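Observations on chain architecture
Now for the letters of each chain:
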Amino acid sequence: MKRLLALIAASAILLTGCGDESSASGTKTVIPSVASMQSAMEQLGYKTAVIGDMEKDGYTLFSASNGKEIEKFDGVTVMQTVRPEDLEAKKPKTESVESEHTVFWVKTNDPELGNVFVTGTEDAIRKAGIILGD
């Protein structure tokens, strides 16, 4: 379990260190269920982890990565939570982009999505079935 938490923490740190809040103008955001994302990523050979249960714990954290070194790393982290304050600190402090292939996206108090934090490489986000819009 410690190794799993370390993997998720490392993925989150690596992925949140780069990027900005991204959206495609006019596109509706789609966040598949955790089970759907996990199934899709595992079929593609990604290592996945899920922590928490939205109904029981008030949050869910999903992470998937290819397990490769930084230069070839591909991964995604999705956190959904009942409390918007859990995500407020995740909002980017800067508009700079350190990696053009990394996405950082946060939505709070959305009537359809609730409170969602998504970060990862563009490729992994797409493979997980996530579509980020306005």
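For every chain, the first residue of its written sequence is number 1, and the numbers climb from 1 along that sequence. Local features in this predicted model are restricted to residues whose pLDDT is 70 or higher, and side-chain atom pairs enter the listing and the counts only when it is 80 or higher, whereas totals over whole chains, interfaces and linings include all residues. With hydrogens and water stripped out, all remaining heavy atoms of the structure feed into the side-chain values.

**Quick look at the nonpolar core**
Generally speaking, soluble globular proteins have nonpolar side chains that are buried together. Met41, Phe62, Val76, Val78, Val118 and Ile130 are the most contacted members of the largest nonpolar core, which has 18 residues in total. Broken down by secondary-structure element, the contributors of at least two residues to this core are helix H2 (34–43), strand E2 (59–65), strand E3 (75–81), strand E4 (102–110), strand E5 (114–121) and helix H5 (122–127). Runs of E in the DSSP output that reach at least two residues are strands. Runs of H or I that reach at least four are helices, and both are numbered from the N terminus. Considering every element that reaches this core, the biggest residue donor is H2, with three residues. Throughout, a residue-residue contact means that at least one pair of heavy atoms, one from each residue, lies within 4.5 Å. Apart from residues lying up to four places away in sequence, Phe62 is in contact with Val34, Met37, Gln38, Met41, Thr48, Ala49, Val50, Val76, Thr77 and Val78. For the purposes of this section, nonpolar cores are sets of buried Ala, Val, Leu, Ile, Met, Phe, Trp, Tyr and Cys residues that join through side-chain atoms within 4.5 Å. Relative accessible area decides the class of each residue, using a 1.4 Å probe on protein chains only: under 20% of the type maximum gives buried, over 50% gives exposed, and in between gives partly exposed.

**Comments concerning the side chain of Thr29**
With respect to the helices and strands, Thr29 occurs in the loop between helix H1 (2–16) and H2. Using a relative accessible area of 8% as the deciding quantity, one classes Thr29 as buried. Among the polar contacts made by the side chain of Thr29, one reaches the main-chain amide nitrogen of Gly133 at a distance of 2.8 Å. Polar contact is the term for a pair of N or O atoms within 3.5 Å; when the atoms are in protein, one must be able to donate a hydrogen and the other to accept it, and sequence-neighboring residues count only if both atoms are side-chain atoms.

**So, the pairing of E5**
Across the eight residues that make up E5, a large majority, seven, are buried. By the convention used here, strands pair only if DSSP detects at least 2 bridges between them. In this sheet, E5 lies alongside E3 in antiparallel orientation, the contact comprising six bridges. The partner of Gln80 across the bridge, within E5, is Val116. Here E4 folds back onto E5, and the loop between the two strands holds three residues.

That is the geometry; function is a separate question.
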